[in-house]
Every structure is written in C-alpha cells, then in structure tokens.
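The chain contents come next:
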Amino acid sequence: MPEDYFGEGVAERYDESSAEMFDPAVVDPAVDFLAGLAGDGAALELGIGTGRIALPLARRGVRVHGIDLSPAMVAQLRAKPGAERIGVTVGDFARTTVEGSFSLAYLVFNTINNLTTQDEQVACFQNVAAHLQPGGHFVIEVGVPQLQRLPPGETVRPFHVSPTYVGFDEYDVASQRLVSHHYRMVGGELEVISMPFRYAWPAELDLMARLAGMTLRERWSSWHREPFTSDSRKHVSVWRKPA
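Residues numbered from 1 in each chain as written. Predicted model: local features only at pLDDT ≥ 70, side-chain atom pairs only at ≥ 80, totals over all residues. Heavy atoms only, no water.

Undergrad: I keep staring at the overall build of the protein chain and nothing clicks. Help me out?
TA: The helix and strand inventory of the protein chain stands at 6 helices and 11 strands. The C-alpha atoms of the protein chain give a radius of gyration of 18 Å, which matches the 18 Å a tight globule of 243 residues would have. Counting only C-alpha atoms, the protein chain reaches 50 × 40 × 35 Å along its principal axes. Across the 243 residues of the protein chain, 52% fall into the buried class. Contacts in the protein chain between residues far apart in sequence, at least 24 positions, make up 59% of those at least 6 positions apart. Total accessible area on the protein chain is roughly 11700 Å²; 53% of this is exposed by carbon and sulfur atoms. The positive charge centre, built from 22 side chains, and the negative charge centre, built from 30, are 7 Å apart in the protein chain. (Helix = DSSP H or I, 4+ residues; strand = E, 2+ residues; numbered from the N terminus. Rg over C-alpha atoms; globule rule 2.2 N^0.38 Å. Buried < 20%, exposed > 50% of the residue type's maximum accessible area, 1.4 Å probe, protein only. Contact = heavy atoms within 4.5 Å. Areas by Shrake-Rupley, 256 points an atom, 1.4 Å probe, with all protein chains shown as cover. Lys, Arg positive; Asp, Glu negative; His and termini not counted. Charge placed at Lys NZ, Arg CZ, Asp CG, Glu CD.)

The following block contains the structure:
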C-alpha cells in the first residue's frame, strides 16, 4: 500500500494551496473534455481528492465514482455541496476495485506519478482496463519530465519561488524518480513536505496501455486539444479499450 502523504493538515489546506487549479479557466476545459468522452456512461476518477474535477463533472450529469488513498481528502470532498451524488472508495487506486463498469476513467494533475514504481503504474492501467466497458476510454493528464531544463550534473529544478512558498523537484534520472520539496509559511511557522514521485515518458505510458489491452486514441498538450509537440510541458492522453 502506498504511503498517504495527504493527511489532515495537507487536506485542510489543499484547495487553498492549489487555488490556481480550481480556477474555472482551468477546470472547465477539463470537465468539457471528460464529459464528452463519458457520454451517457459513468466515470471513474482515480485520486479523486477533494473533488476539484468530480464535482463539476457530476453537475454536468455524469455519474462519478472515485477512489482515493486519503480519508482526510475524502472528508474534505464530503463536506462540499453536491458530494452526495458521488460515490467514493478509500484505497490504492492501482489495485482497488469497485462495483460496476465505466465508459471513462481518468487521472488528472500528475496523479499517475504518485505511484512510485513501474509495477504500480502498470497495475493501474490493468485495473482501469478491468473497470472499463468495451469501447471505454482512459485519460491521463501529466507533465512531461523537464530533464532538458536540467544543466549537466545538476539534479534540482525549482518550480515555485515566492516570499511564502518555495518548491523544487529533486531528480534521480537513473530510477525515473523525483522528490518534490515544499517549504511554506503556515501561521508564521515553516512547513516542510517532501513527496516522492515516479515520472514516465509518453511512450512508456503507451506501452503500459498496450499491456493492459488498450491503444492510444489521441494525445494533446492541453485540455483545449492543442497539438502535442517536443516543447509541450504536459500531455493529455486518451487510450481506448477495444469495443
């Protein structure tokens, strides 16, 4: 079972600390994209968290069920209006199973990287395939590893620097692992959180999908379906289970 890095303290401040990700300009394109793939079927969100995507997707009429490792994050979701329409199972989304079948499964905001071994990521794809209806789709939104921006011999790259928050990623290229370090002032005190991740290249994710019996349908650099290029900082990829 993966370690839960989203305990009560993190969960209570999650929406505030990730406020830019809750902006309608960020959320609405993702919800439009996912609702179009879900159609009249149900959707399974892996790593549902506090419901940033699940709640507006449910308001669009999509039946949503979520899996999340953190009871504290789920508690934050449960306190929000509309959460009663969403089913949630607490568990490791790489292996936890739920009843029913789905026309759509999705992982957003780099959550696939929370699985820190290749075996866990492969198991996630297999778990998704087992839950999808024939012809169903699996969507992942994840960043492209920023190794081109690392000078030779360096392993650290900052991603946020401000008077109240400093964040940087520490890369281990040989193992495709990184640790995101977060230094934030909270109530006048310094909070330090370090979370491990495993990054995977788009081609590696495609192979994981093939091992699970799915094939790539489309890949974009954003929810707006902008072309994916060598300069893209992230990708939104869609794999399909055969009909």
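Having seen it, we continue.
Undergrad: I tried to follow the packing of aromatic side chains on my own but got confused; where do I start?
TA: Each aromatic ring pair is characterised by the separation of its centres together with the angle its planes make. According to the stated counting rule, one finds 9 aromatic pairs in the structure shown. Measuring from centroid to centroid gives 6.3 Å for Phe6 and Tyr14, while their planes differ by 70 degrees, and the two rings are edge-to-face. Centroid distance Phe125 to Trp239: 5.3 Å. Interplanar angle 75 degrees. Geometry classified as edge-to-face. Here Phe125, found in helix α5 (residues 118–131), pairs with Trp239, found in strand β11 (residues 234–240); they are 114 residues apart in sequence, far enough to count as distant. This pair shows no difference in class: Phe125 is buried, exactly as Trp239 is. Through successive ring pairs, a cluster of aromatic residues spans Phe6, Tyr14 and Phe22. Residue placement shows Arg184 over the ring face of Tyr165; its charged tip is 4.1 Å from the ring centre. (Phe/Tyr/Trp six-rings, centres within 6.5 Å; stacked < 30°, edge-to-face > 60°. Lys NZ or Arg CZ within 6 Å of the ring centre and 35° of its normal.)

Undergrad: Looking at this structure, I do not really get the layout of surface pockets. What am I missing?
TA: Left-over empty space is what a probe sized like a water molecule reveals as it rolls over the atoms. The volume enclosed by the second largest pocket comes to roughly 150 Å³. For the lining of the second largest pocket, the class distribution of residues is 5 nonpolar, 5 polar and 3 charged. (1 Å grid on protein atoms, 1.4 Å probe; cavity = no way out; pocket = protein on both sides within 12 Å on 5 of 7 lines; lining within 4 Å. Points joined across faces, edges and corners; volume = space filled by probe spheres on them. Nonpolar A, V, L, I, M, F, W, Y, C, P; charged D, E, K, R; others polar.)

Undergrad: Help me understand the sheet that holds strand β1 (residues 42–46), please; the structure alone is not making it clear to me.
TA: Strands pair in a sheet through their backbones, by hydrogen bonds, and they do so in one of two ways: parallel or antiparallel. Spatial strand order, β3-β2-β1-β4-β5-β11-β10: 7 strands in an open sheet with mixed pairing. The open sheet has two edge strands with one neighbour each: β3 (87–90) and β10 (215–220). Within the sheet, the average angular offset between the axes of one strand and its neighbour, ignoring direction, is 20 degrees. (Pairing = 2+ DSSP bridges. Axes fitted to C-alpha atoms, helices over the stretch in contact; angles between N-to-C directions.)

Undergrad: Can you walk me through a nonpolar patch on the surface in this structure?
TA: A surface patch of nonpolar side chains, about 530 Å² in accessible area, is lined by Val161, Val166, Tyr183, Met185, Leu190 and Val192. At the level of elements, β8 (177–186) and β9 (189–198) are the ones that each hand at least two residues to the nonpolar patch. Relative to the helices and strands, Val161 resides in strand β6 (residues 156–161). Using a relative accessible area of 65% as the deciding quantity, one classes Val161 as exposed. (Patch = residues over 30% accessible without salt bridge, like charges linked within 9 Å, V, L, I, M, F, W, Y side chains within 5 Å. Salt bridge = Lys/Arg side-chain N within 4 Å of Asp/Glu carboxyl O.)

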